[in-house]
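# Tertiary structure, described
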Amino acid sequence: MTSQPSESKVDVLIVGAGPAGLMMATWMAKCGISCRIVDKRGTKVFNGQADGLQCRTLEIFDSFGFGDRAWKEANHMLEICLWNPDKDGVIRRSDRIPDTIPGISRFQQVVLHQGRIERFFLDFIAAHSDIRVERGVLPSKLEFDESLAEDTDAYPITVTLRHLSEEEATPGQVATSANGGAVQDGLFRSNLAADDTADLLKAADLNAKANTTEVVRAKYMLGADGAHSWVRRELGFCLEGETTDYIWGVLDIVPLTNFPDIRSRCAIHSASSGSVMVIPRENKLVRLYIQLTTTEKLGEGGSRADRSKITPDVILKAAQKIMAPYTLSYRKLDWWTAYQIGQRVGSRFSKNERIFLAGDAVHTHSPKAGQGMNVSMQDAYNLGWKVASVVKGTSSRAILSTYESERKQIAKDLIDFDHRFSRLFSGRPAKDLMDEEGINMEQFKAAFEKGNMFASGIAVNYDASNIIAKTADTSSGGAKTTANLPSVDSTQALAPKVKVGMRMPSVKVLNQSDARPWHLQERLPSNGTWRVLVFAGDVGDAGQKARMLRLADSLAAPTSFLRRYTPAAARYDSVFEVLTVHAAPRASVTIFDFPEVLRPFDELDGWDYNKIFVDDESYHEGHGRIYEEFGIDPKEGCVIVLRPDQYVSYVGALDDYASVDKFFSSFMLSRQAQVNGK
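Under the annotation held in an unreviewed UniProt entry, the protein carries the name Phenol 2-monooxygenase and is attributed to Phialemonium atrogriseum. The record in UniProt for the protein states the following under Sequence similarities (unreviewed entry): "Belongs to the PheA/TfdB FAD monooxygenase family."

Here we have seven strands laid out as an open sheet, ordered β21-β20-β26-β23-β22-β29-β30, and mixed in their pairing. The open sheet is flanked by β21 (517-519) and β30 (648-652), the only strands paired with a single partner. Taken pair by pair, the neighbouring strands of this sheet meet at an average axis angle of 30°, ignoring direction. As judged from the seven bridges shared by strand β22 (residues 530-537) and strand β23 (residues 576-582), these two strands associate in the parallel manner. For V532, the partnering residue across the bridge sits in β23 and is V578.

Following the criterion strictly, the structure yields 37 salt bridges and no others. Here R119 ties to D123 by a salt bridge, and the two come within 3.1 Å at their closest N and O atoms. Placement of both R119 and D123 in helix α4 (residues 114-128) is noted, with a separation of four residues, approximately one turn of the helix. On the basis of relative accessible area, R119 is assigned to the partly exposed category, the value being 28%. On the basis of relative accessible area, D123 is assigned to the partly exposed category, the value being 30%. For E636, the salt bridge identified is with R547, shortest N-O distance 3.8 Å. Placement of the pair is E636 in the loop between α14 (626-630) and β29 (638-642) and R547 in helix α12 (residues 542-556), with a sequence separation of 89 residues. Take E636: its relative accessible area is 37%, and that puts it in the partly exposed class. In the salt-bridge network here, residues are joined through shared partners; they are R531, R571, D573, E577, D605, D608 and K611.

All right, on to the confidence of the model for the protein then. For the protein, the mean per-residue pLDDT works out to 87, and 82% of the residues sit at or above 70. Here residues 190-194 is a poorly scored stretch, pLDDT under 50, and it has 19 contacts once near neighbours within four places are set aside; other chains count. Note that residues 295-303 has pLDDT below 50 and, in this model, 13 contacts with residues that lie over four places away or in other chains.

What counts and what doesn't
- Residues numbered from 1 in each chain as written.
- Predicted model: local features only at pLDDT ≥ 70, side-chain atom pairs only at ≥ 80, totals over all residues.
- Heavy atoms only, no water.
- UniProt positions renumbered as here; feature names shortened; annotations may be inferred.
- Pairing = 2+ DSSP bridges.
- Helix = DSSP H or I, 4+ residues; strand = E, 2+ residues; numbered from the N terminus.
- Axes fitted to C-alpha atoms, helices over the stretch in contact; angles between N-to-C directions.
- Salt bridge = Lys/Arg side-chain N within 4 Å of Asp/Glu carboxyl O.
- Buried < 20%, exposed > 50% of the residue type's maximum accessible area, 1.4 Å probe, protein only.
- pLDDT = per-residue confidence, 0-100.
- Contact = heavy atoms within 4.5 Å.

Below you can see the structure in the form of structure tokens.
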């Protein structure tokens, strides 16, 4: 008799242990949520795959505490060189521009291969939880009880998991080295390859050793399982968009070349042989994105190229032709792949706010703008704290609908950007002003510079919702209801340079108690906590101090949102952290000039000296001038509410406690509701 598969329950099940899945697991580990993460591959990535880390992604890494690891190991890209054909058709350097717009972030773009990035996540998860990636595990059946979707205590998702053998879980490699051996390639993940899930399940059925199954019941589920997403197909969702005829090869090599800018990021347009993008990597590696212009020789009919005809040698020869008269060869090939440019967005991002999709499972595009891994991780970064707060019972399920409304718009913006960028990059340079079919190189440069802001991740601007208090942008599409509109209005003019809906910018401030300078973002770690930033202004002024004291009295009241929504046994800053930045001279006040609610007391740890900061000059690091940088009047001050992902939710008057309370009341759960599981 065949034994019944074992059954278990978990709060969150993640399918796919790439960067998006690991970002979600990182949130679960940090917030103490019961979680399992499975991946059909038997090992993590060690070579190749994605490599670009944009400014916002590094800020996120730093908020978890491992940004320094990426910053130290990565290759920093500070300059882009543009190479275009001259009047004789010979490529020449035509311009140099900064790779990252100066001043937009305390980080600049870097490159580091995906394997190391996954290692940072894995180390963090292991240090903060008992969550471990379960490899060689493939979901084979998904059931969802829609009638239980709104029951917060229910486990409406049932997934059958199949455990594969090590051999089955290892992707095949194409023999590409001179002696017939296999160099690691990414073709099994490329859109030129068909999905192998069905083949893996069939093989497992024939393998008695691997043919073990279990049933997992989950409250929430994330499909972060790539462009061929099994979860997406099981839900009946699809990717909508188009695939172009542009085919690109990718080589990670240690180059042997006389090309002078090989250690700078380069965009190279040849006169008629296609284009190359040069990405200098760590450990002397260089990644080359190479346009393959002989697609008619690679294809066997239809719109998809025959990947068997694409080899490292084919890709290298294309690069040599584009980069002539400069020479290019290699002796060390670390990784390679090929892909066909396509831009598609998922029809839906979630099912009843219980099963979600993230990353390539819900949007695909070309990799040359360095957005794929970054946007994928930022999908999960947006979702993770929301799911964690609902599972913990501090927030209602009303906030979960913002995942699709926020991230689908970002995906659409990304596709529009990539559509323009990839065609400019793949097109032939215009021969003269009358050449309408060619690409104008000045237009290309302008698009490149404009795209840098979008590509940095800093330009993300979320629309109005119950957790973004600003006027709704009806142009973004989708019906607006009273359930997902903000309960209050922000007064943006009080902090005009801190945009509601965008991530909180960072400026240096000083700790009031010890004069240590901090970047404001350093005081906003990703731990699931909402921040209430009190810009108290010049508290040396009696009127301004009185306004601060009125706010503090409301915050300290037994009925305040700080008390209502924080569990009785929890630490005072576990749900809300109040941080104060004042503008009086630091030497004129001490922390004891501020009310206790702004410098809480703990019976074990005493006064909290890390809650009050000042806009003043450091002994060693200058003056941040945060009030000036944010456009805040020290005679007015303001209150700024930040989400746990550091995005600005609300800006209002310093003593308008009622609006802040009303904002939180629209989605937070009281102590009693938390106890009752409502």
